[in-house]
Amino acid sequence: MLATTPVHGLRYVVPTRSWLQRFRCCSSSLAPLSPSEFSGGNKTQKKLNDENNINGSNEKTAPYYPKRGQTVELVCESLGFKGKGICKVDGTGFVVMCDRALPGERFLGRITRRKGSYAEVTKIKTISPHKDLVEAPCEYASYCGGCKTQNLSYEAQLKAKEEQVHELIRHVGRFSDNNPGLEIVLKPIVACDIQFNYRNKMEFSFGPQRWLPIERLHEKEDGPKNFALGLHAPGFFDKVLNVDKCLLQSEPGNLVLAAVQDCWRDPELSLSPYNCHSHVGFLKHLMLRTGRNVETGSLELMVNFVTSSYKPELLKPLVDRISSIPQVVSIMNNVNSSVGNTSVGEKEYTLYGKDTITEVLRGLTFQISANSFFQTNTHQAEVLYKLIEESAGLKGDGSEVVLDLFCGTGTIGLTLARRAKHIYGYEVVPQAITDAHKNAQINGIENATFIQGDLNKIGEDFGNNFPKPDIVISDPNRPGMHMKLIKFLLKLKSPRIIYVSCNPATCARDLDYLCHGVEEKNLKGCYKLMSVQPVDMFPHTPHIECVCLLELA
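Positions within a chain are numbered from 1, following the residues in the order the chain's sequence is written. Per-residue local features are limited, in this predicted model, to residues with pLDDT of at least 70; the limit for side-chain atom pairs, both in listing and counting, is 80 or more; totals at the level of whole chains, interfaces and linings are taken over all residues. To obtain the side-chain values, all non-hydrogen atoms of the structure were used and water was disregarded.

(A) Representation of the sheet that holds strand β7 (residues 228-232) in the model. Pairing between strands requires that DSSP locate at least two bridges from one strand to the other. Counting from the N terminus, the helices are the DSSP runs of H or I reaching at least four residues and the strands are the DSSP runs of E reaching at least two. The 7 strands are arranged β8-β7-β6-β9-β10-β11-β12 in an open sheet whose pairing can be described as mixed. Either end of the sheet is taken by a strand with one partner, and the two such strands are β8 (240-242) and β12 (347-353). The average angle at which neighbouring strand axes cross in this sheet is 30 degrees, direction not considered. This element, helix α5 (residues 251-263), spans β6 (201-207), β7, β8, β9 (283-292), β10 (299-307) and β11 (328-335) of the sheet and lies at about 35 degrees to β10. Between N-to-C directions, angles cover 0 to 180 degrees, with each direction set by a line fitted to C-alpha atoms, over the stretch in contact for helices. Only heavy atoms matter for contacts: two residues are in contact if any of them lie within 4.5 Å across the pair.

(B) Broad picture of the pairing of β7. A large share of β7 lies buried, amounting to 4 of its 5 residues. Inspection of the sheet shows β6 paired to β7 by 3 bridges, in the antiparallel sense. Its bridge partner lying in β7, F206 is registered against L229. Taken together, the 3 bridges between β7 and β8 define a ladder with antiparallel strand orientation. Residue pairing across strands places H232 opposite V240, the latter belonging to β8. When a residue's accessible area, from a 1.4 Å probe over protein chains only, is under 20% of the maximum for its type it is buried; when over 50% it is exposed; and in between it is partly exposed.

(C) Region of interest: the sheet that holds strand β20 (residues 527-535). If you walk across this open sheet you meet the 7 strands as β17-β16-β15-β18-β19-β21-β20, and the pairing is mixed. Both outer strands of the open sheet, β17 (448-452) and β20, are each paired with one neighbouring strand and no more. Averaged over all neighbouring strand pairs, the angle between strand axes comes to 15 degrees, with direction disregarded. Here β20 runs beside strand β21 (residues 545-552); their pairing, made up of 8 bridges, is antiparallel. Looking at β21, one finds that S531 is bridged to L549. On the sheet, helix α3 (residues 154-171) packs against β20 and β21 and is oriented at approximately 160 degrees with respect to β20. Sheet strands touched by helix α9 (residues 430-442): β16 (422-427) and β17. Its angle to β17, the strand with the most contacts, is close to 170 degrees.

(D) Geometry of the packing of aromatic side chains. Only rings of Phe, Tyr and Trp enter the pairing, Trp through its six-membered ring, and a pair is recorded when the two centres are within 6.5 Å. The plane angle decides the type: under 30 degrees is stacked, over 60 is edge-to-face, the rest tilted. Per the stated rule, a full pass over the model turns up 10 aromatic pairs. Between F206 and W264, the ring centres sit 4.9 Å apart and the planes meet at 75 degrees, which makes this aromatic pair edge-to-face. One end of the pair, F206, is in strand β6; the other, W264, is in the loop between α5 and β9, with 58 residues separating them in the sequence. Accessibility expressed as a relative area gives 4% for F206, which makes it buried. Ring centres of Y426 and F462 lie 5.1 Å apart, and the angle between their planes is 75 degrees; this geometry places the pair in the edge-to-face category. Taken together, the residues span a long stretch of sequence, with Y426 in strand β16 and F462 in the loop between β17 and β18 (471-474) at a distance of 36 residues. Neither Y426 nor F462 differs from the other in exposure class; each is buried. Ring-pair connections join several aromatic residues into one group, and the members of that group are Y424, Y426, F462, F466 and F488.

(E) Highlighting the UniProt feature "active site" (unreviewed entry) in the protein. UniProt positions are given in the numbering used here, feature names are shortened, and annotations may be inferred rather than shown by experiment. The UniProt entry lists C502 under the feature "active site" (unreviewed entry), expressed in the numbering used here. When you line up the elements, C502 lands in the loop between β19 (496-501) and α11 (504-516). For C502, a relative accessible area of 22% gives the class partly exposed. Leave out the neighbours within four places in its chain, and C502 touches P476, N477, R478, I544 and E545.

(F) Quick peek at the packing of α3 against α11. Between α3 and α11, whose axes approach to 8 Å, the crossing angle comes to 30 degrees. Relative to α11, α3 is oriented roughly parallel. The element α3 and its partner α11 pack so that their crossing is right-handed. Where α3 approaches α11, its residues Q164, V165, L168 and I169 are matched on the opposing element by P504, A505, A508 and L511. Tallied by class, the residues present in the contact of α3 with α11 amount to 7 nonpolar, 1 polar and no charged. Roughly parallel means an angle under 35 degrees; roughly antiparallel, over 145; roughly perpendicular, 65 to 115; everything else is oblique. Definitions for this section: a left-handed crossing has its near helix turned counterclockwise from the far helix by less than a right angle. A right-handed crossing has that turn clockwise. Polar here means any residue outside two lists: the nonpolar Ala, Val, Leu, Ile, Met, Phe, Trp, Tyr, Cys and Pro, and the charged Asp, Glu, Lys and Arg; Gly therefore counts as polar.

Rendered as structure tokens:
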């Protein structure tokens, strides 16, 4: 069900003329919703052929079955899940996914894996480049998995992301072009004013051996010189690409990274990188977090060393070195003695300065600890939260109750608290709930209650501990909402739902359930979709945020 009434205006407008060919079948089939999405076989292939004919293509798409190791000529049509290029084998309608392929690019690829109705390929050679080619400013852009689209102009990145969201809403969400008002509901993407140095958190990993691409294997060295500190090579948990500078993090963060890189390999320091295979070694991760001093507005930096044991004497030379950088106000040591390579330690120690830094968002002050969650792009979070606040449409008279699902450290709910009667937040992570209570106390907010609980495991009694909300905000992680929660919301019938999503595929699926129901579960949809607003939170990456407004039909 769609609404035809336009909602809140936005500051950035993308031209409505599509630069990508419609590739409708692919968007839904690539969405990571269930294994069945990938196993359509000949039926999915037939659907693709029918779509091509509907769109006016006379291309004959006879059954095509590529073999592993086969080299094929491909044309990239658009970007899909995780920023992979959605391509077609030249002369057929067969769908192929390729990492680092960009729209408009024609290239040769080698089939590496086939999954029913589509295949995956590795790019061998570019025949003709994509039409929006730019030179990537980062020297690691060709190898690092963080910025896959740095060599695509930012305007083209925005168009590709907007196209992906809109196509998923149409095909996974089942909001057809035949529905009047769809062009009003699907909003143009909101750009990010800052395309570099926007991340306030970066996690680098230590490794016993640098990962090198084939063309640079001659640079391999032995001993400590071959130790790595950087980012994981795409698709590998045990291979680390050595990085001396990251253009996404703050400049003070790069100063710290350079200082550590300059000295940690010195044999006299006896520092060893952790080996995730042999489970031997000391240094696991270097985490850098950037905040702001509330009084001066200047940048503050927290440095967190994640180690396999507590040996502060080994870290002292590094602490002495980086504490001389003016922006460094906190140096922490998280100890993770398990064989797992997570950055969260079972014990935490303060090696220098204070144990938290602060950040300001929507006029509120938030304390950030080494492991607490906070929006990674503070600048764009201001834009995102403003959109959420506008969609919520609070009267401001303190009469409305807000239910904040997947509330994290309470940032969204707390920014709405002063205009609401009461905020009820639910989150599964205990530490996040603790941080939410602290953040409420810091800001003098007394009309917020935060409860620890798993929203994927709610029972029939869920909802008995709070009054019926006027507004529900749901901000789930990538898998989206569990069917139990969908069922609860359809039964609750709150007048308004704001769905905040970091995965447009599962977002489209959940919007379908809330608006159209779930036939096999005998659930009837009861909401109309008012607005879908894509927001670019992370330039040069495939990640997209969406703010969706639903109102009770």
